[in-house]
Structure formats: structure tokens, C-alpha cells
Amino acid sequence: MPEKETLKRAQEDAREGKSPSTQAGEFVREEMHHVREGKHGARSTKQAIAIGLSKARRAGVNLQAPVKGRASSEVRKKAQSDLRKGRSSRKRKPSTARARAVSSALKREGHSAASKESLARQARSAARTRGAAALRHAAMKAVRTKGKSGLKRAAQKAAHSRASHSRAA
């Protein structure tokens, strides 16, 4: 069950018109905190992220299931099931035995999945799979949504980054 603060942040993001993936980010953030503070572990960074996304879908965030070819059929089925659970008004209490089994299994896992190094590694490997079109779309969206001061800051950062790269070469 997500914390009240996380739900509040996600609802605020929804009110501000932010994308479902941004809203879901709050749940992933909460999950990383849980792993770091030792509430439970995770086998990998991907698993910790998946737990957060599952919580988001069940909490009613309209984050679509991955399309065919992007994820395994089990992952897609789980995401679709979570979406249905999030949309239905009928909230069933989870089975105690199953909940206990899941939490005890996660408690046996390590805590390095939420380390800064493993998160950075995961981000880099995810970025590598995205093509030029995806990068262009992200840049175009940034232009639409950042505002004047945000664009100026981004341009300054890019110029600084270019300068430091040319000095290093």
C-alpha cells in the first residue's frame, strides 16, 4: 500500500497535467526509499522500478501496459491486471498469506538495487535503447513545457556541457 504522501504527490502531478509516467515516478521514488531504508530489498534495480510501477497502476495512475515486443508477455499481463485493479471501484483485501510470502521473499534480497550507482547504470542502459526519434520527441516536449526561464537554463547547461567536453578532448 502506497504512503499517503506519495498518493498526494501523484495526485498533484495529475492535477498539473503531468504525464502518467511522471505521476508513476513518485511511486518508484517511494520504492527506492523503502529499499534504501531496509524495509525490504530487491533483486535488481529493474525489479524495484517494476514494483513502483505496479503500485502506481493499482493506485489509479493511467500508465499503459508496455506494447508487444517491448516487454515479456508475463510483464505485460501483470501490467494489464494492475491497470484493471486500479480502475475498478471494488477494492479487495489481499490474501494475508500471499502478502506475507511476498514481503518475506523481498526481505531476503539485497539493498544495492537502490544505490546511486545501480540507478545510474539502469538509466544509462535504458537511454541506450531509445533511438534518435525518441530523443527528438523529448527535446520538442521540453521546448513546449519548460517555459522561458527553463529553456534559458537548459541552453546554459548545454553550452557548459559542450565547453567541458571540448576541453576534455
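Colleague: Before we move on, could you go through the overall build of the protein chain and cite the residues and values that matter?
Modeller: For the protein chain, the count of helices and strands is eight helices and zero strands. In terms of overall dimensions, the protein chain has C-alpha extents of about 60 × 35 × 35 Å along its principal axes. Taking all 169 residues of the protein chain together, 24% fall into the buried category. A sequence separation of at least 24 residues applies to 57% of the contacts in the protein chain between residues at least 6 apart.

Colleague: Pulling in residues and values, what's your account of the nonpolar core?
Modeller: Among the nonpolar cores identified, the biggest contains seven residues, and these are Val28, Met32, Val35, Ala42, Ala48, Ala113 and Ala114. Ranked by the residues each element gives to this core, the list is headed by helix α2 (residues 20–36), at three residues. Not counting residues up to four positions away in its chain, the partners in contact with Val35 are His40, Gly41, Ala42, Gly110, His111 and Ala114.

Colleague: Residues and numbers for the confidence of the model for the protein chain, please.
Modeller: Taken residue by residue, the protein chain gives an average pLDDT of 92. The fraction at 70 or more is 99%. Ranking the elements of the protein chain by mean pLDDT puts helix α7 (residues 132–145) last, at 89, and α2 first, at 96.

Colleague: Now, about the environment of Lys148: what can you tell me, with residues and values included?
Modeller: Tracing the backbone through its elements, the reader meets Lys148 in helix α8 (residues 148–168). Put simply, Lys148 and Ala138 are ten residues apart on the chain and 17 Å apart in space, counted from C-alpha to C-alpha.

Colleague: If you had to explain the side chain of Arg57 to someone new, which residues and values would you point to?
Modeller: For Arg57, the position within the fold is in helix α3 (residues 45–58). Buried and without a salt bridge, Arg57 has Asp82 as its closest oppositely charged side chain, separated by 5.1 Å. Among the polar contacts listed, one links the side chain of Arg57 to the backbone oxygen of Gln64, at a separation of 3.1 Å.

Colleague: A description of the packing of helix α1 (residues 4–15) against α2 should follow, citing residues and the corresponding values.
Modeller: Contact geometry for α1 and α2: axes closest at 8 Å, N-to-C directions at 165°. In terms of axis orientation, α1 runs roughly antiparallel to α2. Note that α1 runs across α2; the crossing there is right-handed. Together, Thr6, Leu7, Arg9, Ala10, Asp13 and Ala14 of α1 and Thr22, Gln23, Glu26, Phe27, Arg29 and Glu30 of α2 make up the contact between the two elements. Along the lines of polarity and charge, the residues of the contact of α1 with α2 split into four nonpolar, three polar and five charged.

The rules behind these values
- Residues numbered from 1 in each chain as written.
- Predicted model: local features only at pLDDT ≥ 70, side-chain atom pairs only at ≥ 80, totals over all residues.
- Heavy atoms only, no water.
- Helix = DSSP H or I, 4+ residues; strand = E, 2+ residues; numbered from the N terminus.
- Buried < 20%, exposed > 50% of the residue type's maximum accessible area, 1.4 Å probe, protein only.
- Contact = heavy atoms within 4.5 Å.
- Core = buried A, V, L, I, M, F, W, Y, C linked by side-chain atoms within 4.5 Å.
- pLDDT = per-residue confidence, 0-100.
- Lys, Arg positive; Asp, Glu negative; His and termini not counted.
- Salt bridge = Lys/Arg side-chain N within 4 Å of Asp/Glu carboxyl O.
- Polar contact = N/O pair within 3.5 Å; in protein donor to acceptor, adjacent residues only side chain to side chain.
- Axes fitted to C-alpha atoms, helices over the stretch in contact; angles between N-to-C directions.
- Parallel < 35°, antiparallel > 145°, perpendicular 65-115°, else oblique.
- Left-handed = near helix turned anticlockwise from the far one by under 90°.
- Nonpolar A, V, L, I, M, F, W, Y, C, P; charged D, E, K, R; others polar.

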